[in-house]
Amino acid sequence: MNVMNAAGNSAYDAPQPLTSRPDNPMLGLPRDHKIRRMGARPLLFRGAELAMCMSFTPELPYWYEMNIYRTEQQTFVLAIRLFFQSDSERDRVRAWEFDTLPALFSQIETYDAAQDVRFDFTGDIARMSAAELAAQSLDLAARVAAARLHFAGLAGELFAEMDAAA
Amino acid sequence: MTRGSAGSFEATVDPELLVLLGRRAPDPHCSEVAGPHGPRRPCPAGGEGPPDLPWSRISLRCDGKLPLSFTGVPILACDAEAGDPQDLGCRAKRLFRLYLSQDQRLVAHLAVLPHEDLPARPIHRAGYIAELEELTRFLTENDPSDCALATPAQGADGQLDALWTALRLSLPLAAHGCAGPSLHTDGGHS
């Protein structure tokens, strides 16, 4: 199982299913973070983790993890990480910094998991029948829908937990 | 520190976050703060307040969104088993609730809970209902067969696997227009 953060040796290199971290001792404690991002400079900050959620499911080939931090500058950081069970896939990390929590929540609500779906087109498109092309199209559409449903379920889980705890 | 789970999805929230939120996150759905999104019933003449009902604070879980929170009262509950018990592809309970908010709007909540032996996730949807057509749309757009989509295509490397995956999932996709021209993806390169 590939659980390494392919984006590098960040402060969060070895994500594990939450079940292996029963008390999540790091939550709430200020520490230095370095989140390497795709297409952007690493996000460096010192702060505390306010919330985390993950969708690890043994039967699924991928899972998401979301972390919310408060920095010492009183800004908020959201990290959305996508992990794959397969060694052949590269894990992906996206992170943003916000001035307010509502802005951060809005980012979660509008995150489109379709961008995480890779399109592996197999075969020679010039020699494919219309039915084969249709099947490929439907397969991609199904995976996009599944990814969106999966992420929305995780976001709902996080928001529901916040709501239940309040 | 609190911790909740549904299926294998888990969330942990530090108390500091709740303090920062003032115990409650801003609710974009809530008309009491953000203004109405749907038409209200006409207010009774003479500026009378809401009817004397057992109002309570209600918070409805909604996938992908902050919970829809309002002061209201349940007025309808309708639970049903969906799918053929012999059909392992779609067996789920559909729990539907209708609420009247204190500002006299209708709120619908639908929970689709797949059978525990299915590799599918529960679905929670909630929204304000302004008119009957919206209720019909709300119910049809949240068909329990959506649950089947929670199962990704594993090992769909070959043409045959892709074809079967497509065929297996084509019905709910067609029903929800997922294969329409609005679909967009950058193939994971962003």
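What counts as what
Residues numbered from 1 in each chain as written. Chains lettered and ligands numbered in written order. Predicted model: local features only at pLDDT ≥ 70, side-chain atom pairs only at ≥ 80, totals over all residues. Heavy atoms only, no water. Helix = DSSP H or I, 4+ residues; strand = E, 2+ residues; numbered from the N terminus. Buried < 20%, exposed > 50% of the residue type's maximum accessible area, 1.4 Å probe, protein only. Contact = heavy atoms within 4.5 Å. Areas by Shrake-Rupley, 256 points an atom, 1.4 Å probe, with all protein chains shown as cover. Core = buried A, V, L, I, M, F, W, Y, C linked by side-chain atoms within 4.5 Å. Arc of directions from axis to C-beta. Polar contact = N/O pair within 3.5 Å; in protein donor to acceptor, adjacent residues only side chain to side chain. pLDDT = per-residue confidence, 0-100. Phe/Tyr/Trp six-rings, centres within 6.5 Å; stacked < 30°, edge-to-face > 60°. Lys NZ or Arg CZ within 6 Å of the ring centre and 35° of its normal. Axes fitted to C-alpha atoms, helices over the stretch in contact; angles between N-to-C directions. Parallel < 35°, antiparallel > 145°, perpendicular 65-115°, else oblique. Nonpolar A, V, L, I, M, F, W, Y, C, P; charged D, E, K, R; others polar. Patch = residues over 30% accessible without salt bridge, like charges linked within 9 Å, V, L, I, M, F, W, Y side chains within 5 Å. Salt bridge = Lys/Arg side-chain N within 4 Å of Asp/Glu carboxyl O.

**Topic: the overall build of chain B**
- On a plain count of helices and strands, chain B comes out with four helices and seven strands.
- The order of helices and strands in chain B, counted from the N terminus, is β-β-α-α-β-β-β-β-β-α-α.
- Counting all 190 residues of chain B, 42% fall into the buried class.

**Thoughts on the overall build of chain A**
- From N to C terminus, chain A includes two helices and five strands.
- Along its sequence from the N terminus, chain A presents helices and strands in the succession β-β-β-β-β-α-α.
- Residue pairs in contact within chain A that sit at least 24 positions apart in sequence constitute 49% of those at least 6 positions apart.
- Total accessible area on chain A is roughly 6900 Å²; 53% of this is exposed by carbon and sulfur atoms.

**Focus: the nonpolar core**
- Within the largest apolar cluster, 38 residues are counted, with the highest numbers of intra-cluster contacts made by Y64, M66, I68, F105, I108, F151 and L158 of chain A.
- Looking at this core, the elements with two or more residues in it are β2 (40-54), β3 (62-71), β4 (76-84), α1 (101-110) and α2 (130-165) of chain A together with β2 (9-13) and α1 (15-20) of chain B.
- Here the element with the most residues in this core is α2 of chain A; it accounts for 10 residues.
- Excluding residues that lie within four positions of it along the chain, M66 of chain A makes contacts with A51, M52, C53, L78, A79, I80, I108, F151, L154 and A155 of chain A.
- Within the second largest apolar cluster, 11 residues are counted, among which are L149 of chain A together with A92, F96 and L98 of chain B.

**A short note on α1 of chain A**
- Where α1 of chain A is concerned, the buried positions are L101, L104, F105, Q107 and I108 of chain A. Buried residues in α1 of chain A, looked at end-on, bunch into an arc of 150°, giving them a common side.
- The secondary structure elements touched by the buried residues of α1 of chain A are β3, β4, β5 (92-98) and α2 of chain A together with α1 of chain B.
- N-cap assignment for α1 of chain A: the residue whose side-chain oxygen lies 3.3 Å from the backbone N of A103 of chain A is T100 of chain A.

**As for the confidence of the model for chain A**
- With 83% of its residues at a pLDDT of 70 or more, chain A shows a mean pLDDT of 82.
- When the criterion is pLDDT under 50, residues 1-22 of chain A qualifies, and its contacts beyond four places in sequence or with other chains add up to 62 contacts.

**Thoughts on the packing of aromatic side chains**
- Counted under the stated rule, the structure contains 10 aromatic pairs over all chains.
- Judged by centre distance (6.2 Å) and plane angle (75°), the rings of W96 of chain A and Y111 of chain A are edge-to-face. Here the residue W96 of chain A occupies a position in strand β5, and Y111 of chain A occupies one in the loop between α1 and α2, the gap between them amounting to 15 residues.
- Assessed through its relative accessible area of 23%, W96 of chain A is described here as partly exposed.
- Taking relative accessible area as the criterion, Y111 of chain A reaches 8% and is therefore assigned buried.
- One cation-aromatic arrangement involves R105 of chain B over Y128 of chain B; the distance from NZ or CZ to the ring centre is 3.7 Å.

**Examining unusual backbone geometry**
- Positive phi values are uncommon outside glycine, yet Q74 of chain A reaches one of about 65°.
- The class of Q74 of chain A is partly exposed, set by a relative accessible area of 45%.
- You will see that Q104 of chain B, though not glycine, has its phi angle at about 65°, which is positive.
- If you trace the backbone, Q104 of chain B turns up in the loop between β5 (92-101) and β6 (106-114).

**Section: the confidence of the model for chain B**
- Considering every residue of chain B, the mean pLDDT works out to 66; 51% of them sit at 70 or more.
- Contacts of residues 30-46 of chain B to residues separated by more than four positions or lying in other chains number 25 contacts, the stretch itself having pLDDT below 50.

**Structural notes on the packing of α1 of chain A against α2 of chain A**
Residue and element names in this part refer to chain A.
- Put simply, α1 and α2 touch, their axes get as near as 9 Å, and they point 150° apart. By the angle between their directions, the pair α1 and α2 is classed as roughly antiparallel. Where α1 approaches α2, its residues F105, I108 and E109 are matched on the opposing element by F151, A155, L158, F159 and M162.
- Residue composition of the contact of α1 with α2, by class: seven nonpolar, no polar and one charged.

**Description of a nonpolar patch on the surface**
All names here are of chain B.
- Judged by side-chain polarity, I75, L76 and L106 come together as a nonpolar surface patch covering roughly 230 Å² of accessible area.
- By the secondary structure assignment, I75 is in strand β4 (residues 68-82).
- With relative accessibility at 46%, the residue I75 sits in the partly exposed group.

**Things to note about the environment of L149 of chain A**
- Mapped onto the elements, L149 of chain A comes out in helix α2.
- A C-alpha to C-alpha distance of 8.5 Å links L149 of chain A and A113 of chain A, two positions 36 residues apart in sequence.

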